[in-house]
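Structural characterization, general
The lines below spell out each chain.
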Amino acid sequence: MLEKRMQERKHAITVAYYNPWDGNFLGMRQGANAFALDRGLGNERTKDNFINYYDSLGYYDTGIFGTDIVTRKLFEYGRADIAVKLLTASEPHGFGRWMKDGATTLWEYWFNSRSHDHPMFGAVTTYLYEYLLGIKQDENSYGFDRISISPAYVDSIDWIKGSITTRKGKIVVSYE
């Protein structure tokens, strides 16, 4: 019963928001293709459009939820290079812009922040550990009892180092 309802909802969303002539959801605005792909909607063309769009755009056009999903989907699709390009973009929307502006914390908005110490865009930090450093807990493992290390090497990163502390001890990964 639940599976049938899920399929009905997916169909309704696809009918309402998918453009069959170009393979995009909502004209690709603000990560719409990433949201759809994350829910199992769309097709290979939607995926290719999503990847090519952000590779060409080179910065985020998203808010807090879209920034998280766009970043994760790029890493999941093996496009760490594009994810890093977005994360480090210095104009107009990216964490590199904040660094250029002297930020040492996460801001509430890409521009004109009311708060300069806000977790709004913080969800992406987990991907630095999980994908760039490659520290992953094995499936069906708990408390990092079993891990794998498989970093994503990106040409634009000369070196990286990081660690996480687990109940079994500290896991440190670095590479140049």
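Residues numbered from 1 in each chain as written. Predicted model: local features only at pLDDT ≥ 70, side-chain atom pairs only at ≥ 80, totals over all residues. Heavy atoms only, no water.

1. Section: unusual backbone geometry
The linkage connecting glutamate 91 with the following residue, proline 92, adopts the cis geometry, with an omega of -20°. For proline 92, the position within the fold is in the loop between helix 5 (80-87) and helix 6 (95-100). Phi is positive for glutamine 30, which is not a glycine, with a value near 45°. Relative to the assigned elements, glutamine 30 resides in the loop between strand 2 (24-25) and helix 2 (32-38). With a phi close to 60°, phenylalanine 144 is a non-glycine residue in the positive phi region. (Helix = DSSP H or I, 4+ residues; strand = E, 2+ residues; numbered from the N terminus.)

2. Some words on the pairing of strand 6 (residues 169-175)
One ladder, built from seven bridges, connects strand 5 (residues 160-166) with strand 6; its direction is antiparallel. Bridging across to strand 6, glycine 162 finds its partner in valine 173. (Pairing = 2+ DSSP bridges.)

3. Observations regarding the packing of helix 4 (residues 64-76) against helix 5
Packing of helix 4 against helix 5 brings their axes to within 7 Å, and their N-to-C directions diverge by 155°. As judged from the angle between their axes, helix 4 and helix 5 are roughly antiparallel. Along its contact with helix 4, which presents Val70, Thr71, Leu74 and Phe75, the element helix 5 presents Ala80, Ile82, Ala83, Leu86 and Leu87. Residue composition of the contact of helix 4 with helix 5, by class: eight nonpolar, one polar and no charged. (Axes fitted to C-alpha atoms, helices over the stretch in contact; angles between N-to-C directions. Parallel < 35°, antiparallel > 145°, perpendicular 65-115°, else oblique. Contact = heavy atoms within 4.5 Å. Nonpolar A, V, L, I, M, F, W, Y, C, P; charged D, E, K, R; others polar.)

4. Let's talk about the nonpolar core
Ranked by size, the top nonpolar core spans 36 residues in total, and within it Phe50, Val70, Leu74, Phe75 and Phe95 carry the most contacts. Residue contributions to this core peak at six residues, all from helix 5. For leucine 74, the contacting residues outside a window of four places in its chain are Phe50, Ile51, Arg79, Ala80, Ile82, Ala83 and Leu86. (Core = buried A, V, L, I, M, F, W, Y, C linked by side-chain atoms within 4.5 Å. Buried < 20%, exposed > 50% of the residue type's maximum accessible area, 1.4 Å probe, protein only.)

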